[in-house]
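If you want the building blocks of each chain, they are given just below.
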Amino acid sequence: MSSSNCKSNGKVLTIVMFLICTAGIFYYSWLPSSNLNTETYLPQIIIDWTNEYLNFRTAVPFVILGFLCEVLLESALEYPYNKMIFVHLQTVLICAVIVCAAEAGQFFISDRHPDTMDIFFGIAGGIFGGACALVFKKLNHYFFNKNA
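Every chain's residues receive numbers from 1 upward, in the order its sequence appears when written. In keeping with the model being predicted, local features are shown solely for residues with a pLDDT of at least 70 and side-chain atom pairs are shown and tallied solely at 80 or more, while totals for entire chains, interfaces and linings include all residues. The basis for every side-chain value is the complete set of heavy atoms in the structure, and neither hydrogens nor water enter the calculation.

Engineer: It is not clear to me how the overall build of the chain should be interpreted in this structure. Could you clarify?
Structural biologist: Of regular secondary structure, the chain possesses 5 helices and 0 strands. Helix numbering and strand numbering both begin at the N terminus, where a helix is a DSSP run of H or I of at least 4 residues and a strand a DSSP run of E of at least 2. In the chain, the succession of helices and strands from N to C terminus is α-α-α-α-α. Split into buried and exposed, the 148 residues of the chain put 32% on the buried side. Working rule for contacts: check all heavy atoms of both residues, and any pair within 4.5 Å makes them a contact. Long-range pairs, those at least 24 residues apart, make up 69% of the contacts in the chain with a sequence separation of at least 6. The Shrake-Rupley method, run with a 1.4 Å probe sphere, supplies the accessible areas, and residue values consider only the shown protein chains as cover. About 9600 Å² of surface is accessible on the chain, with carbon and sulfur atoms providing 71% of the total. Exposure categories follow from relative accessible area, calculated using a 1.4 Å probe and restricted to protein chains: below 20% of the type maximum is buried, above 50% is exposed, and the middle band is partly exposed.

Next up, the structure:
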């Protein structure tokens, strides 16, 4: 398999994972109740943790989303190996739009109410996930592409 074909397959897989993660964010944000006890397929330890840390649980899927955004953006860039560790503005904006849309949808659900702290935690999770992707890229470059 050629190198460009592998990169293309990896990009498609990353896009599919991004879409699944986004769908999951909307699904859990738009449940009729913020209490996840109705979701019987989830392990009890996850249900207990999410019910205890209501705002913090918003950041968890956005860590994954920010990571995937940064991977997609880095693969789309023309120049090799960025010297700075800073998340792209596009990653922050994508996470902000998704978390705002998820919270705005709660206006239309009778027992749900949007929370500005969820927006903050969603964006913070996206930034953290994007920074993790950049750190992994830097470590990969350091350990495997070093001229020794």
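From this point, the narrative continues.
Engineer: Help me understand the packing of aromatic side chains in this model?
Structural biologist: Each aromatic ring pair is specified by the distance between its two centres and by the angle formed by the two planes. The rule is short: rings of Phe, Tyr and Trp, with Trp giving its six-membered ring, pair when the centres are within 6.5 Å, and they are stacked under 30 degrees, edge-to-face over 60, tilted in between. Applying the stated criterion to the full structure yields 8 aromatic pairs. Pairwise contacts between aromatic rings join Trp49, Tyr53, Phe56, Phe120 and Phe121 into one cluster.

Engineer: Hey, could you run me through helix α5 (residues 116-144) in this one?
Structural biologist: Because an α-helix packs 3.6 residues into every turn, residues spaced three or four apart end up facing the same way. Taking 1.5 Å as the rise per residue, α5 with 29 residues should run 42 Å; its terminal C-alpha atoms sit 42 Å apart, in good agreement. Among all positions of α5, only Asp118, Gly122, Gly125, Gly126, Gly129, Gly130, Ala133, Leu134 and Lys138 are buried. Whenever two N or O atoms come within 3.5 Å, that pair is a polar contact, provided that in protein one can donate a hydrogen and the other can accept it, and provided that, for residues adjacent in sequence, both atoms are side-chain atoms. Here α5 starts with a cap whose side-chain oxygen sits 3.2 Å from the backbone nitrogen of methionine 117, and that cap is aspartate 115. Expected helix span is taken as 1.5 Å per residue step, with the number of steps being one fewer than the number of residues.

Engineer: Please explain the nonpolar core as it appears in this structure.
Structural biologist: The nonpolar side chains of soluble globular proteins are, as a tendency, buried together. Phe18, Ile25, Phe62, Leu65 and Ile98 are the most contacted members of the largest nonpolar core, which has 13 residues in total. Of all the secondary-structure elements, those providing two or more residues to this core are α1 (3-29), α3 (56-76) and α4 (89-105). Those residues in contact with isoleucine 98 that lie beyond four places of it in its chain are Phe18, Thr22, Ile25, Phe26, Phe62 and Leu65. The nonpolar core is taken to be a set of buried Ala, Val, Leu, Ile, Met, Phe, Trp, Tyr and Cys residues, with the residues joined through side-chain atoms within 4.5 Å.

Engineer: Help me out: how do you make sense of a nonpolar patch on the surface in this one?
Structural biologist: Each patch groups residues whose relative accessible area exceeds 30% and which form no salt bridge, using 9 Å between like charges and 5 Å between nonpolar side chains of Val, Leu, Ile, Met, Phe, Trp and Tyr. Here, a salt bridge means any side-chain nitrogen of Lys or Arg that lies within 4 Å of a carboxyl oxygen of Asp or Glu. A cluster of nonpolar side chains, namely Val135, Phe136, Leu139, Tyr142, Phe143 and Phe144, defines an oily patch on the protein surface of about 680 Å² accessible area. With respect to the element layout, valine 135 can be found in helix α5. With relative accessibility at 36%, the residue valine 135 sits in the partly exposed group.

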